[in-house]
Every structure is written in C-alpha cells, then in structure tokens.
Amino acid sequence: MSSENATSSPHDNEASVVFSKDGAIGHILLNRPKALNALDLPMVDAITGKLRAWETDPTVAVVVIEGAGEKAFCAGGDIRGLYDARQRDDEELLDAFYRREYRLNHYIANYPKPYVALMDGITMGGGVGVSVHGRFRVVTERTLFAMPETGIGFFPDVGGGYFLSRCPGEVGMYLGLTGARIKAADCIYAGLATHRTQSENIASLKGELAKISEGGDGFVAVQRILDEHHSDDGVGILGSVRGEVDDLFGSETVSDVFARLDTSPSDFARETAKILRTKSPIAVAVAFDQIRQARDMTLAQDLMMEFRLSQRTVRKPDLFEGVRAVIVDKDHSPRWQHADIGQVDPREVAAYFDLLPEDKELKLQF
C-alpha cells in the first residue's frame, strides 16, 4: 500500500484523514479514533480534493472509505467545533462547514467510480453523509446507525430528508424524529446499506477489491465481490414494528403524530412518545416538514433546502443548548426554547424553509 498525503486538524497531533493506494483502491481513512472519527472542515475539504484527483486517475478503479479504530466509522460532524464557532461569532465557519459538507455529499452520490463505505462501527450524522450516498454501503455486526440530530436541537441533515423519505413506509420518519439507533439488519431493511459482512472479513474484502483490473466495468466487479461477502442477518427490529410505525407516523402534521402516539395503547407507542418528548420541539417540527417535503425532491434539491435549514438552525438557541447539554456540560438536561410541540407555531417552522438571499444559496456543481 502506498501512502499519498493526509490532512491535520487543529485538535489532533496525527493526520485526521489519511489517503493511500492499494492496488486498484483509492483508500480514505478517517483518522480521529479518539473523537470517533468526527468530521471537521479540513477533512471535508481534503476528501473532496482527493476524490477529484482520483476521478481522473486511471490507476484508481474503486474508492474505499473507512474509519480508524474499532469503535466508529464516523460518529458525525465536529459539533463541538461549530459550538465554539458560534461562541466566537465565526459566521464564516458556520456557512462554510455546511456548504462544503453538503457539496461533498452530493459529489459522492454522483461519483463516476465505485465508492464503497465500510460502515464498521458507529455511523451517525455527518458519517452517514459520507457513506449512505455512495453506491455501496457495507455494514457489520459492529454497526450502530443513527440520525440523532433532533436530540441536540438540529435536524437530520447531510441529505437526510432525501434518504429517510425513501425508506420503507414511515421508517425514515421514525428514525429521523426519534434518532433511534439501529444495527446491521435494520440498515439493510431500511435501504440504508447494501451489504453486510463480518468485521473480520473486511481485510479479505479489501484485498479482492484491490485486484480489480483496469478497463472493465468496476461497478459490476465491486457488486460481485460484495455479493460474495454478503451475509444475511435476519429482519432486525424494524420489520417487526413496521406496521405500527406506519400507523403512528403516517400523518401530514407533526401534531397528529404526537396525538396518535398518545392515544395508542401499545408499549412501543408509549416508549416512542417518551423518547420524542426529550427532543427539541422545534427541531422535531422542522425535521417532520423536511422529510415530508423531500419525498418529491431530488438529492440536490433536498441539500439546497437543508442548507437553508442549517443556516437558520445554527443561529437559533436550541442547537447550542443541545450541544451544551450533551457534549459540553454533559448534564443531558437541555432547556429547550419551547416546552412542548404544542408551543411551536407552524409559521415559525415555515420560516426555516424560506429562501436565502441569492448569493447565500447553496450551489451544487460537479
């Protein structure tokens, strides 16, 4: 394996993302294991630049991205860094991070070469953005997937409206509002992953990918290799509660979701209502409308919408109260702007979706 280059983040002594080549593989290693490989802006920029270089490199037939350490693929974006940016009124970073992260998400979705994400371990938030948009998404027995943003006053971004709205039935709405954590079988069931293998088989899988020859159809070759390594893991939990999820979350208003949860006699509904009421009410309301609207959008349209949401949300109190409670002070007792969903004015939610000034809108060109 030949090393190419790497980029460092201000928090780390070691390179935060490492690029290398191994045969036909262009390899991306997210290398912040102590931070669960959380993404920051230098990492986003470095990955984008390397993907562009590899796009026209004839020696790279397939791109593989994975995380360092045994705990996480990538647990999300560097939320603490964004919290600190808000504290020092760093408007430039609050714009640049989301703008360039969403561009990377879109680029991955349209990458002309096979892109394989090895989602071995915790895969959340921004980590989902650099995996789920790729053509091939491999989960393992160690995968723990979630979009937990409403618990810190944010919304399931990085294209969450697009991919969650395309999960079976109301599964995506359930995952996006509650932040429920799911494992490999449920990732396959929800369409969030394409293949499952054991962690111990990853080295062998990469070894076969490295031998893909130039000139052939790389997508066909990668599909064959991953199919050979795929192992079924049953239906998981989502399949068993799918009917109830569809009934409870199949509404055109978020208030009706809460009403259905509160009137249902089931233990699942009661527990789900309890979980949902720990989340930021405005974030839940925004996320509901985001996922509903994204049903009729392309990924590009969804990301442009989500950029507007991001720029409104990072300037509202709930995100920074949520980060304070979960990451900074760790008291896990956020004091949300609204006491409950009933206090959220639909007009306030609608304002999050308003167009930005033309020069501030997200442009997607790859």
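All values derive from a computational prediction rather than experimental measurement. (Residues numbered from 1 in each chain as written. Predicted model: local features only at pLDDT ≥ 70, side-chain atom pairs only at ≥ 80, totals over all residues. Heavy atoms only, no water.)

Visitor: Summarise the overall build of the protein; cite the residues concerned and give the values.
Guide: What the protein contains, in helices and strands, is 16 helices and 10 strands. Since a compact globule built from 366 residues should have a radius of gyration of about 21 Å, the 20 Å found for the protein is in line with a globular shape. Overall size of the protein, expressed as C-alpha extent along the three principal axes, is 60 × 45 × 35 Å. Within the protein, buried positions represent 58% of all 366 residues. Accessible surface computed for the protein: about 15300 Å², of which carbon and sulfur atoms make up 49%. Charged side chains of the protein number 41 positive and 55 negative; the gap between the two group centres comes to 2 Å. (Helix = DSSP H or I, 4+ residues; strand = E, 2+ residues; numbered from the N terminus. Rg over C-alpha atoms; globule rule 2.2 N^0.38 Å. Buried < 20%, exposed > 50% of the residue type's maximum accessible area, 1.4 Å probe, protein only. Areas by Shrake-Rupley, 256 points an atom, 1.4 Å probe, with all protein chains shown as cover. Lys, Arg positive; Asp, Glu negative; His and termini not counted. Charge placed at Lys NZ, Arg CZ, Asp CG, Glu CD.)

Visitor: Residue-level account of the pairing of strand 3 (residues 25-30), with values.
Guide: It is a general feature of regular strands that their side chains alternate between the two faces of the sheet. Most of strand 3 sits out of view: 5 of its 6 residues are buried. In this structure, strand 2 (residues 15-22) lies alongside strand 3, joined through 6 bridges in antiparallel fashion. Among the inter-strand pairings, Val-18 is bridged to a residue of strand 3, identified as Leu-29. Counted along the chain from strand 2 to the antiparallel partner strand 3, the turn is 2 residues long, and its residue Gly-23 has a positive phi close to 60°. A crossover connection joins strand 3 to the parallel strand 4 (residues 62-67) through helix 1 (residues 41-55); in handedness this β-α-β unit is right-handed. (Pairing = 2+ DSSP bridges. Right-handed = clockwise from strand over helix to strand, strands pointing away.)

Visitor: Give me the state of the cysteines: which residues, what numbers.
Guide: In protein chemistry, a disulfide is the covalent bond that joins the sulfur atoms of two cysteines. Following the criterion strictly, the structure yields 0 disulfides and no others. With no disulfide of its own, Cys-74 lies 15 Å from the sulfur of Cys-187, the closest cysteine sulfur. Of the cysteine sulfurs around Cys-167, a residue in no disulfide, the closest is that of Cys-187, at 9.5 Å. (Disulfide = S-S within 2.5 Å.)

Visitor: Tell me about the nonpolar core, and name the residues and values.
Guide: A general feature of soluble globular proteins is that nonpolar side chains tend to end up buried together. Core analysis: the largest hydrophobic core is formed by 99 residues, its most contacted members being Ile-28, Leu-30, Ile-47, Leu-51, Tyr-102 and Leu-192. If one sorts the elements of this core by residue count, helix 3 (residues 91-109) sits on top with 9 residues. The residues contacting Ile-28, other than those within four sequence positions of it, are Val-17, Val-18, Phe-19, Ile-47, Leu-51, Trp-54, Val-63, Val-64, Ile-65 and Glu-66. By size, the runner-up hydrophobic cluster in this structure holds 18 residues, among which are Val-116, Ile-202, Ala-210 and Val-222. (Core = buried A, V, L, I, M, F, W, Y, C linked by side-chain atoms within 4.5 Å. Contact = heavy atoms within 4.5 Å.)

Visitor: Describe the UniProt feature "domain: Enoyl-CoA hydratase/isomerase" (unreviewed entry) in the protein, with residues and values.
Guide: Mapped onto the present numbering, the UniProt feature "domain: Enoyl-CoA hydratase/isomerase" (unreviewed entry) falls on residues 25-353. Secondary structure over residues 25-353 splits into 51% helix and 10% strand, and the C-alpha atoms at its two ends are 40 Å apart. (UniProt positions renumbered as here; feature names shortened; annotations may be inferred.)

Visitor: An account of the packing of helix 11 (residues 254-263) against helix 12 (residues 267-276) is needed here, citing residue identities and associated values.
Guide: Running from amino to carboxyl end, helix 11 crosses helix 12 at an angle of 135°, the nearest separation of the two axes being 8 Å. On the basis of their axis angle, the class for helix 11 and helix 12 is oblique. Here the hand of the crossing between helix 11 and helix 12 comes out left-handed. Contact residues: Val-257, Phe-258, Leu-261 and Asp-262 in helix 11; Ala-269, Thr-272, Ala-273 and Leu-276 in helix 12. When its residues are assigned to classes, the contact of helix 11 with helix 12 shows 6 nonpolar, 1 polar and 1 charged. (Axes fitted to C-alpha atoms, helices over the stretch in contact; angles between N-to-C directions. Parallel < 35°, antiparallel > 145°, perpendicular 65-115°, else oblique. Left-handed = near helix turned anticlockwise from the far one by under 90°. Nonpolar A, V, L, I, M, F, W, Y, C, P; charged D, E, K, R; others polar.)

Visitor: Quick rundown of the sheet that holds strand 7 (residues 122-124)? Include the residues and the values.
Guide: In sheet architecture, strand pairing relies on hydrogen bonds along the backbone and comes in two forms, parallel and antiparallel. With parallel pairing, the 3 strands of this open sheet are ordered in space as 5-7-9. What marks the edges here is a single partner per strand, and that holds for strand 5 (72-74) and strand 9 (144-146). Geometrically, the sheet is characterised by an average inter-axis angle of 15° between neighbouring strands, direction not taken into account. Of the strand pairs in this sheet, strand 5 and strand 7 are connected by 2 bridges, and their pairing is parallel. Within the sheet, the bridge partner assigned to Ala-72 lies in strand 7 and is Ile-122.

Visitor: An account of the side chain of Ser-199 is requested, with residue identities and associated values reported.
Guide: Checked against the element boundaries, Ser-199 lands in the loop between strand 10 (195-196) and helix 8 (202-209). Here Ser-199 falls in the buried class, since its relative accessible area comes to 15%. Side-chain polar atoms of Ser-199 contact the side chain of Thr-140, separated by 3.3 Å. Setting aside residues up to four positions removed in sequence, Ser-199 forms contacts with Asp-120, Thr-140, Glu-141 and Arg-142. (Polar contact = N/O pair within 3.5 Å; in protein donor to acceptor, adjacent residues only side chain to side chain.)

Visitor: Outline the packing of aromatic side chains, supporting the account with residue identities and numerical values.
Guide: A complete count under the given rule lists 10 aromatic pairs for this structure. Ring geometry for Tyr-174 against Phe-249: centres 5.7 Å apart, planes inclined by 70°, an arrangement best described as edge-to-face. Within this pair, whereas Tyr-174 is found in helix 6 (residues 171-178), its partner Phe-249 is found in helix 10 (residues 238-249), the two being separated by 75 residues in sequence. For Tyr-174, a relative accessible area of 12% corresponds to the buried category. Taken together, the ring pairs connect Phe-97, Tyr-98, Tyr-102, Phe-154 and Phe-155 into an aromatic cluster. Looking at Lys-50, its charged tip hangs above the ring of Phe-19, at a distance of 5.7 Å from the centre. (Phe/Tyr/Trp six-rings, centres within 6.5 Å; stacked < 30°, edge-to-face > 60°. Lys NZ or Arg CZ within 6 Å of the ring centre and 35° of its normal.)

Visitor: Provide a residue-level description of the environment of Glu-170, including the pertinent values.
Guide: Secondary-structure assignment places Glu-170 in the loop between helix 5 (160-165) and helix 6. A residue is classified by how much of its surface remains accessible, and Glu-170, at 15% relative accessible area, is buried. Once the C-alpha coordinates of Glu-170 and Asp-78 are considered, the two residues, 92 residues apart in sequence, prove to be 29 Å apart. Those residues in contact with Glu-170 that lie beyond four places of it in its chain are Val-245, Asp-246, Phe-249, Gly-250 and Arg-292.

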